[in-house]
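Report on the structure
Listed here are the chains, written in short residue letters.
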Amino acid sequence: MDWTSPIWYAAYIAVLLGLAGYGSHRLTIVYLYLKHSRNHPKPKELFQDLPLVTIQLPVFNEMHVVDRLLASVSAMDYPQDKMQIQLLDDSTDETVEICRAGIEALKARGFDAEHIHRMDRTGYKAGALENGTRFAKGEYLLILDADFVPNPDLLQKTIHYFTDDKIGMIQTRWGHLNRTYNVLTRIQAMFLDGHLELEQTARNRSGRFFTFNGTGGIWRKSCIADAGGWEHDTLTEDMDLSYRAQLKGWRFIFLNDVETPAELPVDMDGFKSQQHRWTKGSIQVCKKVLPAIWRADVPLFIKMEATAHLTSNFAYLLLIILCFLIYPNQHTPKLFGQFTYYIINIPIFFFSSVSVIVFYMVSQKALRPGSWWKEIPYLPLLLALGIGMSISNAKAVIEALCNHQSAFVRTPKYGIGQAKRQDWKKSSYKAMKTLTPFVELLFGFFFLFIVVEAALKANWSSAILLLPFPVGFFYTSLSSLARMLPSGTVSRPSEAVNRKAP
């Protein structure tokens, strides 16, 4: 043992303690969820006369899904004369004509529908919503992204909560139209189920702040105005506005029993693009609103939960640092004896790794009580994907910390349900290409070497525990590199450009 061994070991333990801290927060969320599981929110009363609702549909180059969106919105079980439909279109391709034709068809059926097309993307989605709100006739604004397919009873199940004048926003739980389409969509569904079913429910019912998820929710227009309106300085305008509104004293409600289905990205590049935007945006919001939260006259438990929420993506930086510390630690003699080594490492391993398994299993058991056990085989892949995404998401964190500005990059959507389809691979819609997959590939080979070395030394516990690292990095890397290969002639299938009446 040389003089650097304690330094490597101390750094390794410090990083693991940081990850264990976020793991203990997950377990706290599970505890709060179970504690408040019976506290279902109820409307104060029912509207005797249903209010006018403006349905805002922000789209940007969404030719594969616009018709589906308009069809589902027009089929909602709500008085037609109480709905205003705004198609907020920033598109630069043939989506513009599809939108125009769809709105004209709705108007011919008697709907109050409007196609608002901007020639520029100032403020991106936030700018489109801000612009549309100026022309909104309703006091309540239902926001739906292009890949969502709301159930007909969505408004009937949510609008009555606004009989309480203190309620500023109602968020519904996202469902997944294509959850079982492939392995990636299954794992994504588990990630989102954990956030939506556990985190959002636990935060809301325990009196903590929680945030609008950007879609599948209804805002009170006066709440948006009171909070300062939509602002364009972060990539997660939904999170930003949510915290500003709650700091103003507005209350939100999360309805975990009201599901609004949506399409999950079916390819790795689309998933990475989405996660990069969400990760970077959350750190931008952290820098923007966290000081105001700590200055606010709210209870300490609210401030602590908001801090854990807003800083949670720093865990990706810790994970990257851990990647560089694992190999030196593997070659450092166990300090202070074998017994002390396990006394230190086992609790850290429990909070940093086992907590993840507990968290996602509880969410699956809550949502799929009769078949949750079928998701168990996907847990190792969930852990591996979380590790594999660390490079892309750590890059997003660093960009946010360095004030690197970037555009709001949309996630490609292809109108995919559960049925297997391959024509989406020929779509002109593709996520942006980066060098990240090549870095992930190098990490994959590095950790493969570490796992093989541990196995050759019969250090089976290390080999098994580290196996998710090469699996995760190879999975995220090779999935992206495969999309760089030729997939045939770019085409726009006729069924995707359907101009029939919704």
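For every chain, the first residue of the written sequence is number 1, and numbering continues from 1 along that sequence. Only residues with pLDDT of at least 70 get local features here, since the model is predicted, and only at 80 or more are side-chain atom pairs given and counted; chain-wide, interface and lining totals rely on the full set of residues. As a rule here, side-chain values cover all heavy atoms of the structure and leave hydrogens and water aside.

1. Digging into the overall build of the chain
To keep things clear, this is the line we draw: Helix and strand labels come from DSSP, where a helix needs a run of H or I of at least four residues and a strand needs a run of E of at least two; each type is numbered from the N terminus. Two residues qualify as a contact provided that any one of their heavy atoms is within 4.5 Å of a heavy atom in the partner residue. Using a 1.4 Å probe, accessible areas were evaluated by the Shrake-Rupley method; residue-level cover was limited to the displayed protein chains.
For the chain, the count of helices and strands is 17 helices and seven strands. Taking all contacts inside the chain whose residues are at least 6 apart in sequence as the whole, residues at least 24 apart take part in 84%. Summing over all exposed atoms, the chain offers an accessible surface of approximately 21200 Å²; the carbon and sulfur share of this is 62%.

2. Considering the sheet that holds strand β7 (residues 251-262)
Test applied: Strand pairing is assigned whenever DSSP detects at least two bridges linking the two strands. Axis lines are fitted through C-alpha atoms, for helices just across the contact stretch, and the angle between N-to-C directions can take any value from 0 to 180 degrees.
Spatially, seven strands are ordered β3-β2-β1-β4-β6-β5-β7 in an open sheet, and the strand pairing comes out mixed. With partners counted over all chains shown, the strands left at the sheet margins are β3 (112-117) and β7, one partner each. In this sheet, adjacent strand axes meet at a mean angle of 20° when their direction is disregarded. Relative to strand β6 (residues 217-220), strand β5 (residues 167-176) runs antiparallel, the two sharing three bridges. Opposite Ile170, over in β6, you have Ile218 as the bridge partner. Those strands touched by helix α6 (residues 183-205) are β5 and β7, and its axis lies near 155° from that of β7.

3. Let's talk about a nonpolar patch on the surface
The condition that has to hold: Nonpolar side chains (Val, Leu, Ile, Met, Phe, Trp, Tyr) within 5 Å and like charges within 9 Å form the patches, drawn only from residues with over 30% relative accessible area and no salt bridge. What makes a salt bridge here is a side-chain nitrogen of Lys or Arg within 4 Å of a carboxyl oxygen of Asp or Glu, nothing more.
Together, Phe445, Leu448, Val452 and Leu456 make up a nonpolar patch on the protein surface, roughly 400 Å² of accessible area in all. When you line up the elements, Phe445 lands in helix α15 (residues 436-456).

4. A closer look at the pattern of salt bridges
Pairing is possible between side chains of opposite charge, provided their charged atoms come close. Put simply, the test is: When a residue's accessible area, from a 1.4 Å probe over protein chains only, is under 20% of the maximum for its type it is buried; when over 50% it is exposed; and in between it is partly exposed.
Applying the stated rule across the entire model yields 26 salt bridges. Put simply, Glu197 and Arg173 hold a salt bridge, and the shortest N to O gap is 3.8 Å. In this pair, Glu197 is assigned in helix α6 and Arg173 in strand β5, connecting sequence segments 24 residues apart. Just as Glu197 is buried, Arg173 falls in that class too. Salt-bridge contacts for Asp240 lead to Lys288; the nearest nitrogen and oxygen are separated by 2.8 Å. Taken as a pair, Asp240 in helix α8 (residues 237-247) and Lys288 in helix α9 (residues 268-295) lie far apart in primary sequence, 48 residues in all.

5. Comments concerning the packing of aromatic side chains
Put simply, the rule is: When two rings of Phe, Tyr or Trp (its six-membered ring) have centres within 6.5 Å they constitute a pair, described as stacked for plane angles under 30 degrees, edge-to-face for angles over 60, and tilted for the intermediate range.
Applying the stated rule across the entire model yields 20 aromatic pairs. Aromatic pair Phe210 and Phe254: ring centres 6.1 Å apart, planes at 75°, arrangement edge-to-face. Residue Phe210 is found in the loop between α6 and β6, and its partner Phe254 is found in strand β7; the two are separated by 44 residues along the sequence. Here Phe210 and Phe254 have matching classes, each one buried. The interplanar angle of 85° and the centroid separation of 4.9 Å between the aromatic rings of Phe359 and Tyr360 together place this pair among those described as edge-to-face. Tyr360 shares its class with Phe359; the two are buried.

6. Here we look at the nonpolar core
Basically, it comes down to this: Each nonpolar core is a collection of buried residues, namely Ala, Val, Leu, Ile, Met, Phe, Trp, Tyr and Cys, held together in the definition by side-chain atoms within 4.5 Å.
If you look at the biggest cluster of nonpolar residues, it comprises 65 residues, and the most contacted ones within it are Ile55, Leu57, Leu142, Leu144, Leu155, Trp219 and Trp230. If one sorts the elements of this core by residue count, β7 sits on top with six residues. Those residues in contact with Leu57 that sit more than four places away from it in its chain are Leu69, Leu70, Val73, Ile85, Gln86, Leu87, Leu88 and Leu144. Counting 26 residues, the second-largest nonpolar core is a separate cluster that includes Ile320, Leu325, Ala463 and Phe473.

7. Concerning the pairing of β7
Burial analysis of β7 places nine of its twelve residues in the buried class, which makes it a mostly covered element. When β5 meets β7, the two strands line up parallel, connected through nine bridges. Along β7, the bridge assignment pairs His176 with Ala262.

8. Focus on the confidence of the model for the chain
Let me state the cut-off plainly: The predictor attaches a confidence to each residue, called pLDDT, with possible values from 0 through 100.
Model confidence for the chain is summarised by a mean pLDDT of 90, while 89% of its residues fall at 70 or above. Counting interchain partners and residues more than four positions distant, the pLDDT-below-50 stretch residues 488-502 has 31 contacts.

9. A few points about α6
Inclusion rule: How far a helix is expected to stretch is found by multiplying one less than its residue total by 1.5 Å. Distance and chemistry together define a polar contact, namely a pair of N or O atoms within 3.5 Å, with one atom able to donate a hydrogen and the other to accept it when in protein, and with adjacent residues in sequence counting only for side-chain atoms on both sides.
Helix length check: α6 (23 residues) gives 32 Å between terminal C-alpha atoms against 33 Å at 1.5 Å per residue, within 8%. Burial analysis of α6 places 21 of its 23 residues in the buried class, the great majority of the element. Two to three positions downstream of the cap, the backbone nitrogen of Leu184 sits 3.1 Å from a side-chain oxygen, assigning the N-cap of α6 to Asn182. Phi turns positive, to about 85°, at Gly207, one or two residues after α6.

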